[in-house]
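# Coordinate analysis (summary)
Now for the letters of each chain:
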Amino acid sequence: MRRYKIYEDLGFSTEFSVEDWNALIKLKLRKYFTEDLVFEENKEILRTEIINYIKFCTQEEYFKLFEWTFDLFKDCILLDRQKSIKILADSFDDISNTDMRWMTNFLIQPDSSNFSERDKISYYFKAIDETLEGAFKPRFILLHKLINLKLNQTIVDNSSFDFGKLIRELPSQARGYVSLFLEDPLFSIPTNQWRNIAAHKSFTINTDNIVVEYGRGNIHSKTISYSDFYKIVQWTQDIYRVIRLAQVLTDLNYIREIVEILGGTENMNIRFEASLLSIIHNMQIVGFKFVSNEEQNETFCLNVKGKVNYDVKSSLIHASQCLDQLSRAIYNDKFVRDTFQKTKINIVDDSGNILASATISIETALKRAQGGLTVKEYLSKMEFDIKNYS
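Model, not experiment: these values are computed from the prediction. (Residues numbered from 1 in each chain as written. Predicted model: local features only at pLDDT ≥ 70, side-chain atom pairs only at ≥ 80, totals over all residues. Heavy atoms only, no water.)

### Re the sheet that holds strand β8 (residues 383-386)
Read across the sheet, five strands follow the order β4-β5-β6-β7-β8 without closing on themselves; strand pairing throughout is mixed. Only two strands of the sheet have a single neighbouring strand rather than two, namely β4 (289-296) and β8. When the angles between neighbouring strand axes are averaged without regard to direction, this sheet yields 15°. Pairing between strand β7 (residues 354-361) and β8: four bridges, direction antiparallel. When the bridges of β8 are listed, Thr359 appears paired with Glu383. Packed onto the sheet, helix α18 (residues 362-369) meets β6 (342-348) and β7 and runs at close to 65° relative to β7. (Pairing = 2+ DSSP bridges. Helix = DSSP H or I, 4+ residues; strand = E, 2+ residues; numbered from the N terminus. Axes fitted to C-alpha atoms, helices over the stretch in contact; angles between N-to-C directions. Contact = heavy atoms within 4.5 Å.)

So, in structure tokens, the structure goes:
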């Protein structure tokens, strides 16, 4: 299980300040927003999303694919704003669930470092299936629908299309631009066939190569090296990152209209671990080093080291500002919501000893988030505990 490994893997550096991060996201991502206000409102999210952007932006073919995909969404909204945003809203739940599946796949993946090569390859075939079917396909369904809207001014009901039909019936005018979505760059095997190979275990692992078989009736066979197989794994992850980020940036631009169509945010479900990842990443950006998280009865705790050159009290006051976000993150995940009643932040030393803490009830934090409490009232209900420090 890698449930907590994901947070430990987040990089921490005192050499890259929050101002540096903000400058980076402005340089690279501001151009994808319609207004300065919308960009500014989403800075915390973007400081996490920039990591996904960095993973593919230096690969020219993937960056071009990302920009084409984003531009397609933008063109559709310019063509017919009402229809396009309705399509985005109608697909919002399915699209959001892909992030939950992606996070789940990461959290439950085993440590494969001790696997034999055969077992590792078997595991990664499983990962291919889960990435393409559970994460990529729902987002490709949305892309398929918007390509048809732009090119043919029609809304295609593709909800019943299988993976192969989605790829086969993509308009020919778009195929050259999105070829990396349609087939792998090494062997030109269709994306849906890689999913079938993985799902149906249509592969044989030999001592020095892998043989894959695919197709109906006329069965195709391909022998590939181990190294090429791992490139295929990387390709499936890269195309998901590309299509996802283009859609995320589009949704952020029009999220108010999307939420209005959905009737508010009450029914949205966001996996807690995904929100927590963003919270921890942003805390590290402003100078707090993540140490661990723990569950104490009905209280969820974050343990962090204080900011360099700040005393414990100042660090605690700053760190406690994350508790409302942490509380909302718990409440927004219906699978976690009833597990905790409070959230807590601990400032710890190098040995893990608690120097100071702040605790708030989730109910109180939600009232503050909804405008039911002033800052003064909110802080009066927060429990501070500062131990001996110099």
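### Notes on the side chain of Thr250
Mapped onto the elements, Thr250 comes out in helix α13 (residues 226-253). You can call Thr250 buried: its relative accessible area is 3%. At 2.8 Å, the side chain of Thr250 forms a polar contact with the backbone oxygen of Ala246. Residue contacts for Thr250: discarding those within four places in its chain leaves Phe70, Phe73, Ile77 and Leu88. (Buried < 20%, exposed > 50% of the residue type's maximum accessible area, 1.4 Å probe, protein only. Polar contact = N/O pair within 3.5 Å; in protein donor to acceptor, adjacent residues only side chain to side chain.)

### Thoughts on α18
Residues of α18 that are buried: Ile362, Thr364, Ala365 and Leu366. Those residues of α18 that are buried lie in contact with α17 (323-331), β6, β7 and α19 (375-380). A positive phi of about 85° marks Gly371, the residue just after α18.

### Here's the deal with the side chain of His144
If you trace the backbone, His144 turns up in helix α8 (residues 117-152). One polar contact links the side chain of His144 to the main-chain carbonyl oxygen of Leu166, over a distance of 3.5 Å. Excluding residues that lie within four positions of it along the chain, His144 makes contacts with Asn158, Phe161, Leu166, Glu169 and Leu170.

### Focus: the pattern of salt bridges
The full count for this structure, using the stated rule, is 20 salt bridges. Close ionic contact of Lys305 with Asp350 constitutes a salt bridge, the shortest N to O distance being 3.1 Å. One end of the pair, Lys305, is in strand β5 (residues 299-305); the other, Asp350, is in the loop between β6 and β7, and 45 residues separate them in sequence. For Asp324, the salt bridge identified is with Arg328, shortest N-O distance 3.4 Å. One end of the pair, Asp324, and the other, Arg328, are both in helix α17, four residues apart, so they sit about a helical turn from each other. Within this structure, Asp129, Glu133, Lys137 and Arg195 form a network of salt bridges that share partners. (Salt bridge = Lys/Arg side-chain N within 4 Å of Asp/Glu carboxyl O.)

### Here's the deal with unusual backbone geometry
Backbone geometry at Ser188 places phi at a positive 60°, although glycine is not the residue there. Along the chain, the position of Ser188 falls in the loop between α11 (179-182) and α12 (191-199). In this structure Ser188 comes out as partly exposed when scored by relative accessible area, which is 42%.

### Some thoughts on the sheet that holds strand β2 (residues 210-214)
Ordered by their spatial adjacency, three strands build an open sheet running β1-β2-β3, and the pairing between neighbours is antiparallel. Taken across any chain shown, the strands that pair with only one partner, and hence form the sheet edges, are β1 (203-205) and β3 (220-224). Strand-to-strand twist across the sheet, computed as the mean angle between neighbouring axes with direction ignored, equals 15°. The sheet contact formed by β1 and β2 spans three bridges and is antiparallel. Across the sheet, the residue bridging to Thr204 is Val211, located in β2.

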